[in-house]
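As a plain string of letters, each chain reads:
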Amino acid sequence: MSTGTLIAVIVPIVIVLLLIAVGAWLITRRRRLRERFGPEYDRTVESRDSRYAAERELRSREQRHRDLDIRELPPEDRDRYAAEWTGVQERFVDEPARCVDDADRLVTRLMSDRGYPTEGYEQQLRDLSVEHGNTLEHYRAAHDVGLRNREGRATTEELRGAMVHYRALFQELLGDPRTSPDPATGTQRRHDAA
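Model, not experiment: these values are computed from the prediction. (Residues numbered from 1 in each chain as written. Predicted model: local features only at pLDDT ≥ 70, side-chain atom pairs only at ≥ 80, totals over all residues. Heavy atoms only, no water.)

Moving on to the overall build of the chain. Assigned secondary structure in the chain consists of eight helices and two strands. Start at the N end of the chain and walk to the C end: the helices and strands fall as α-α-α-α-α-α-α-α-β-β. Over its C-alpha atoms, taken along the principal directions, the chain stretches across nearly 90 × 40 × 30 Å. Residues classed as buried in the chain amount to 39% of the 194 residues present. When contacts within the chain are restricted to residue pairs at least 6 apart in sequence, those whose partners lie at least 24 apart make up 59%. As displayed, the chain has an accessible area near 11,300 Å², and 55% of this comes from carbon and sulfur atoms. In the chain, the 32 positive side-chain charges and the 35 negative ones have mean positions that sit 5 Å from each other. (Helix = DSSP H or I, 4+ residues; strand = E, 2+ residues; numbered from the N terminus. Buried < 20%, exposed > 50% of the residue type's maximum accessible area, 1.4 Å probe, protein only. Contact = heavy atoms within 4.5 Å. Areas by Shrake-Rupley, 256 points an atom, 1.4 Å probe, with all protein chains shown as cover. Lys, Arg positive; Asp, Glu negative; His and termini not counted. Charge placed at Lys NZ, Arg CZ, Asp CG, Glu CD.)

In structure tokens, the structure reads:
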């Protein structure tokens, strides 16, 4: 077989193998982003001009997240936060509007103590999406009710729902050892002792 014929056979095979390798790499990278960001992956894809732009955005969030000093809380801080949350929940019946504002402040303070920047709501969402993509819808829903609450337009039932939503993110940020993500839904489920 001549060199020219050999090259004509090998080059297309190498090109096909490279295309397969690149395709497999892209599929693996996309799958990893979907797993990491959960529903936030689809939300970001829908909000961008292309899937490529969305994935570039998600990768930039990962890079920013790596540069942050995110840390777990010591047990005594977790206990203190858990007690504060219990207090907010206990006051809800008498002061629902105030408690939703208190829950928002408590979640924001917890984010800060964990090392998340709290300079703005949209940036908070982007930063939280890297590790907490499955609970961001809870945070968005609670935040929306919180805004209506400040305008005096939230119903008591909406305020109750906001507390439930804030609690989902609060527990995940707190690292409450009595909770763990439900593998089927990504939401928190309780493991209370009997």
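Let us now look at the packing of aromatic side chains. Scanning all chains against the criterion turns up three aromatic pairs. For the pair Trp85 and Phe170, a centre-to-centre distance of 4.7 Å together with 20 degrees between the ring planes defines the contact as stacked. Of this pair, Trp85 sits in helix 4 (residues 75–91) while Phe170 sits in helix 8 (residues 156–174), placing them 85 residues apart in sequence. Relative accessible area serves as the criterion here: at 4%, Trp85 is assigned to the buried category. Using a relative accessible area of 2% as the deciding quantity, one classes Phe170 as buried. These aromatic residues form a ring-pair network of at least three members: Tyr121, Tyr139 and Tyr166. Lying over the aromatic face of Tyr81, Arg80 brings its terminal NZ or CZ to 4.8 Å of the ring centre. (Phe/Tyr/Trp six-rings, centres within 6.5 Å; stacked < 30°, edge-to-face > 60°. Lys NZ or Arg CZ within 6 Å of the ring centre and 35° of its normal.)

Averaged over all residues, the pLDDT of the chain is 89; the fraction at 70 or higher stands at 90%. In this model, residues 177–194 is a region of pLDDT below 50 whose contacts with residues beyond four sequence positions or in other chains number 28 contacts. (pLDDT = per-residue confidence, 0-100.)

Our focus in this paragraph is the environment of Val45. Mapped onto the secondary structure, Val45 falls in helix 2 (residues 39–47). Residues Val45 and Arg140, spaced 95 residues apart in sequence, show a C-alpha to C-alpha distance of 17 Å.

What follows covers the side chain of Gln124. Relative to the helices and strands, Gln124 is located in helix 6 (residues 121–132). Residue class for Gln124 comes out buried when judged on its relative accessible area of 6%. Polar side-chain contacts of Gln124 include one of 2.6 Å to the side chain of Tyr139. Not counting the four nearest positions on each side in its chain, Gln124 is found in contact with Thr108, Met111, Pro117, Thr118 and Tyr139. (Polar contact = N/O pair within 3.5 Å; in protein donor to acceptor, adjacent residues only side chain to side chain.)

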